[in-house]
Amino acid sequence: MGEQSGGRSGGRDPVADLRRIAFLLERAQEATYRVQAFRRAAGVLSGLEPALVGRRAAAGTLTELSGVGDVTARCVVESLAGEEPAYLRRLRDAAKAVANVGPAAGPVDEDAERLRAALRGDCHSHSDWSDGGSPIEEMALAAIELGHDYLVLTDHSPRLTVANGLSAGRLRRQLDVVAALNEALAQVHDADDSDGRPPFRVLTGIEVDILVDGTLDQEEQLLAELDVVVASVHSDLRAPSEKMTPRMLAAIANPHVDVLGHCTGRRVKGRPRPESEFDATAVFAACAEHGVAVEVNCRPDRLDPPKRLLRLAIEAGCLLSIDTDAHAPGQLDWLPYGCLRAAQCGADPAMIVNTWPADRLVAWADRRTVGGGD
């Protein structure tokens, strides 16, 4: 049965409330099992007739449904009564408290807000095809709700087996899935949209591993078919600069590479990991020469590159791409973290590739592959 609203009957939409709770839990990097509990319950209820959900809520039998627990059932009951669930309210208050921590609003904060408003999409995201937690459609719908015009899907490449990286065959199958999803999204847009904006698009892509010799972990012909290619180092991160630098330079010179992902590989939270060693001056000069964007990775556990290197990249004339590296829908709302850092370092919005419309982004990414030069 198609998705239902979950039983509104004059109240709130409990399915929407459950999904919003999951979104905020993901944004706050809460435990995966908590997120899954709310997404699972939302999925169960979305497949039921609203009247049936209402009857079960009134009878206290929601928990008899597989996938609905005590906490999620309580949220549904509150939602159907027209109340914002207490669980959701606490998450909203916590999110507001985090947003209000820090210096008083000033020019840099205003610049960051303007930059966030200028972003049209996200060039680095993952789905459950690799190590993400949600289907492609869920990621797309979350991006639409955030006001994006596009989302680049960049699941991992095959040698990153710990992340269920995509073989060439699986990636080709994913391209068919994306094409079908875009067709469906365009039909919804044509039927419902009247604001003149183009239909939302999932752009095809990959986060391809930069191997130790500087080659890329995917077939060249397949890379050429993708809209955007993010290239990142995920292995031998502690290699000395004399090995890491030529490795990165070789990848940057590859005509299929569009974005250099989380260039230092550092982690600042969870299990901290130091920065990889490389000649940043040489690497950013190569990015500027070849028109490869340096990623401003928004993940709170990465915030990569550090500001001293981000300033160096900007001074070198590099393009930038402010990306969430999201592995769940709620993480797509991490863009403000990168926007603040970019504003603090004096980034020009015109040099940030995901401020561009989708057609311009795709044309730019195709420039070297088709022999247009750097």
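Summary of the structure given here. Sequence order as written defines the numbering, with residues in each chain counted from 1. Two thresholds apply to this predicted model, a pLDDT of at least 70 for residue-level local features and 80 or more for giving and counting side-chain atom pairs, whereas whole-chain, interface and lining totals are computed over all residues. Side-chain measures here rest on the full set of heavy atoms in the structure, leaving out hydrogens and waters.

**Things to note about the packing of aromatic side chains**
Okay, step 1: Note on aromatic contacts: the rings of Phe and Tyr and the six-membered ring of Trp form a pair at centre separations within 6.5 Å, being stacked when their planes are under 30 degrees apart, edge-to-face when over 60 apart, and tilted otherwise. Taken as a whole, this structure holds two aromatic pairs when the rule is applied.
Okay, step 2: Residues Phe38 and Tyr87 carry aromatic rings whose centres are separated by 4.9 Å and whose planes lie at 55 degrees to one another, so their mutual orientation is tilted. Separated by 49 residues along the polypeptide, Phe38 in helix α2 (residues 32–46) and Tyr87 in helix α5 (residues 86–100) bring together distant segments of the chain.
Okay, step 3: With a 1.4 Å probe rolled over the protein chains alone, any residue whose accessible area is under 20% of its type maximum counts as buried; one over 50% counts as exposed, and the rest are partly exposed. The buried category is assigned to Phe38, whose relative accessible area is 3%.
Okay, step 4: With 5.8 Å between their ring centres and 80 degrees between their planes, Trp356 and Trp364 make a pair best called edge-to-face. For the purposes of this entry, the term helix denotes a DSSP run of H or I that reaches at least four residues, the term strand denotes a run of E that reaches at least two, and both are numbered from the N terminus.

**Re the packing of helix α1 (residues 14–27) against α2**
Okay, step 1: Axes, fitted as lines to C-alpha atoms, cover a helix only where it is in contact. Angles between the N-to-C directions of the axes lie from 0 to 180 degrees. At a closest axis distance of 8 Å, the pairing of α1 and α2 adopts a crossing angle of 160 degrees. Considering the angle they form, α1 stands roughly antiparallel to α2. At the point where α1 passes α2, the crossing takes the left-handed sense. Residues Val15, Leu18, Arg19, Ile21, Ala22, Phe23, Leu25 and Glu26 of α1 lie in contact with α2, whose contacting residues are Arg34, Val35, Phe38, Arg39, Ala41, Ala42, Leu45 and Ser46.
Okay, step 2: Along the lines of polarity and charge, the residues of the contact of α1 with α2 split into 11 nonpolar, one polar and four charged. Under this scheme an angle from 65 to 115 degrees is roughly perpendicular, one under 35 degrees roughly parallel, and one over 145 degrees roughly antiparallel; angles in between are oblique. By definition, any crossing whose near helix is turned counterclockwise from its far helix by less than a right angle is left-handed, and any crossing with a clockwise turn is right-handed. The contact criterion used throughout is that any non-hydrogen atoms of two residues lie within 4.5 Å. Any residue that is not Ala, Val, Leu, Ile, Met, Phe, Trp, Tyr, Cys, Pro, Asp, Glu, Lys or Arg is counted as polar, Gly included; the first ten are nonpolar and the last four charged.

**Brief notes about the nonpolar core**
Across soluble globular proteins, nonpolar side chains show a tendency to be buried alongside one another.
Okay, step 1: Nonpolar cores were defined as sets of buried Ala, Val, Leu, Ile, Met, Phe, Trp, Tyr and Cys residues, with membership established by side-chain atoms within 4.5 Å. Residues Leu216, Met248, Leu260, Phe278, Phe284 and Ile322 are the most contacted members of the largest nonpolar core, which totals 48 residues.
Okay, step 2: Here the element with the most residues in this core is helix α11 (residues 280–290); it accounts for five residues.
Okay, step 3: Those residues in contact with Ile322, other than ones at most four positions away along the chain, are Leu115, Leu119, Val296, Cys298, Leu335, Gly338, Cys339, Ala342, Ile352 and Asn354.
Okay, step 4: Leu48, Leu65, Ala73 and Phe200 belong to the second-largest nonpolar core, a separate cluster that totals 39 residues.

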